Amino acid sequence: AQSVTQLDSQVPVFEEAPVELRCNYSSSVSVYLFWYVQYPNQGLQLLLKYLSGSTLVKGINGFEAEFNKSQTSFHLRKPSVHISDTAEYFCAVSGDSSYKLIFGSGTRLLVRP
Amino acid sequence: DSGVTQTPKHLITATGQRVTLRCSPRSGDLSVYWYQQSLDQGLQFLIQYYNGEERAKGNILERFSAQQFPDLHSELNLSSLELGDSALYFCASSVEGRANTEAFFGQGTRLTVV
């Protein structure tokens with residue numbers, strides 16, 4: 001069975017500071033990994049995904065993530081955050097024959113001026 | 001705008017009632033997925049359809065059912081509603097139904113059961 005753990009429920013950070021949102025997964029099969037962002041009263045938007053190949057994945061809005069198979073992690077990073085990055089971030093994994101995303105519990109990123 | 005349309009955006013109903021949530025996928029997408037987002041359970045996969053046929057089932061209650069029609073739109077039916085069914089219900093669609101295919105999410109239907 002697959003599962004995702006997001007270690008931090010909330011991460012406060014000052015504007016223009018770097019941020020890392022942590023995600024660990026468990027799976028007995030090859031995985032595909034995703035980060036989604038949810039702005040208030042909005043649906044989920046894909047930030048980036050790891051399917052195969054380079055372990056460093058770049059996404060939209062300046063975010064990137066690194067797939068680490070030995071540590072079963074897929075942490076999300078941004079070198080300098082903006083107020084507009086305040087949102088809920090979800091890590092997700094899939095790997096079945098169907099597109100069944102297993103989501104983590106989410107991390108609320110709170111960017112302060 | 002993801003191209004996935006969900007209606008209604010908000011729904012308030014009483015316990016014991018039945019409601020239908022509707023989803024129109026992006027043009028060209030054959031697969032539709034339903035997810036439930038609640039405070040205590042987080043984001044949970046409910047069910048997936050591909051080109052009209054059920055492909056995968058998650059933690060969907062027996063009181064809930066779904067279908068995908070020939071025009072590829074989908075409906076999620078929730079019956080005998082309980083207070084605990086209050087949640088945000090998302091629909092997502094993708095071109096294919098495979099794990100490495102990006103899914104696009106609608107803005108959700110917020111269901112409040114009173």
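Note that the structure is a prediction, hence the values are computed from the model and not measured.

Q: Just to check I follow, could you spell out the overall build of chain A for this structure?
A: Per the secondary structure count, chain A includes zero helices and 12 strands. When its helices and strands are written in sequence order, chain A yields β-β-β-β-β-β-β-β-β-β-β-β. A compact globule built from 113 residues would reach a C-alpha radius of gyration of about 13 Å, and chain A, at 13 Å, matches this within 12%. Each of the three principal axes of chain A carries a C-alpha extent, and together these read 45 × 30 × 20 Å. Counting only residues that meet the buried cut, chain A has 45% of its 113 residues in that class. Contacts spanning at least 24 positions in sequence make up 57% of the contacts within chain A whose residues lie at least 6 apart. Surface accessibility of chain A: about 5,300 Å² in total, with carbon and sulfur atoms responsible for 49%. When the 9 basic and 9 acidic side-chain charges of chain A are each reduced to a single mean position, those positions are 5 Å apart.

Q: Please clarify how the interface of chain A and chain B should be interpreted in this entry.
A: Listed per partner, the contact involves 21 residues of chain A and 20 residues of chain B. Together chain A and chain B conceal approximately 1,700 Å² of surface at their shared face, both sides included; 59% is due to carbon and sulfur atoms. Put simply, chain A and chain B have one salt bridge between them. Of the charged contacts in the structure, one is a salt bridge between A:Lys49 and B:Glu102, with a shortest N-O distance of 3.9 Å. Seen at the junction of chain A and chain B, the total is four residue pairs in polar contact (both at pLDDT 80 or more). For the side of chain A that touches chain B, the elements supplying multiple residues, two or more each, are strand 5 (32-38), strand 6 (44-50) and strand 10 (87-94) of chain A. No other element matches the four residues that strand 5 of chain A contributes to the side of chain A that touches chain B. Of the residues contributing to the side of chain A that touches chain B, the split by class is 10 nonpolar, eight polar and three charged.

Q: How should the sheet that holds strand 8 (residues 74-78) of chain B be read in this particular structure?
A: Through backbone hydrogen bonds, the strands of a sheet pair up, either in parallel or in antiparallel fashion. Residues and elements named next belong to chain B. With respect to topology, four strands assemble into an open sheet ordered 1-3-8-7, the strand pairing being antiparallel. Each of the sheet's edge strands pairs with one partner strand only, and the pair in question is strand 1 (5-7) and strand 7 (64-68). Averaged over all adjacent pairs, the angle separating strand axes in this sheet is 15°, with direction ignored. Relative to strand 3 (residues 19-24), strand 1 runs antiparallel, the two sharing three bridges.

Q: Would you explain the state of the cysteines in this entry?
A: Throughout this description, disulfide means a covalent bond between two cysteine sulfur atoms. One pass over the full model with this rule turns up two disulfides over all chains. Paired through a disulfide, A:Cys23 and A:Cys91 show a sulfur-sulfur distance of 2.0 Å. Where A:Cys23 bonds to A:Cys91 through sulfur, the torsion about that S-S bond is close to -65°, and the disulfide is left-handed. Of this pair, A:Cys23 sits in the loop between strand 3 (19-21) and strand 4 (24-26) while A:Cys91 sits in strand 10; the two residues are 68 residues apart in sequence, bridging distant segments of the chain. Classification of A:Cys91 by relative accessible area gives buried; the value is 0%. One disulfide in the model links B:Cys23 with B:Cys91; its S-S distance is 1.8 Å. Residues B:Cys23 and B:Cys91 are joined through a disulfide that is left-handed, its torsion about the S-S bond being -55°. Placement of B:Cys23 in strand 3 and of B:Cys91 in strand 9 (residues 87-94) is noted, with a sequence separation of 68 residues between them. Relative accessible area serves as the criterion here: at 0%, B:Cys91 is assigned to the buried category.

The rules behind each value
- Residues numbered from 1 in each chain as written.
- Chains lettered and ligands numbered in written order.
- Predicted model: local features only at pLDDT ≥ 70, side-chain atom pairs only at ≥ 80, totals over all residues.
- Heavy atoms only, no water.
- Helix = DSSP H or I, 4+ residues; strand = E, 2+ residues; numbered from the N terminus.
- Rg over C-alpha atoms; globule rule 2.2 N^0.38 Å.
- Buried < 20%, exposed > 50% of the residue type's maximum accessible area, 1.4 Å probe, protein only.
- Contact = heavy atoms within 4.5 Å.
- Areas by Shrake-Rupley, 256 points an atom, 1.4 Å probe, with all protein chains shown as cover.
- Lys, Arg positive; Asp, Glu negative; His and termini not counted.
- Charge placed at Lys NZ, Arg CZ, Asp CG, Glu CD.
- Buried area = accessible area lost by both parts, 1.4 Å probe.
- Salt bridge = Lys/Arg side-chain N within 4 Å of Asp/Glu carboxyl O.
- Polar contact = N/O pair within 3.5 Å; in protein donor to acceptor, adjacent residues only side chain to side chain.
- Nonpolar A, V, L, I, M, F, W, Y, C, P; charged D, E, K, R; others polar.
- Pairing = 2+ DSSP bridges.
- Axes fitted to C-alpha atoms, helices over the stretch in contact; angles between N-to-C directions.
- Disulfide = S-S within 2.5 Å.

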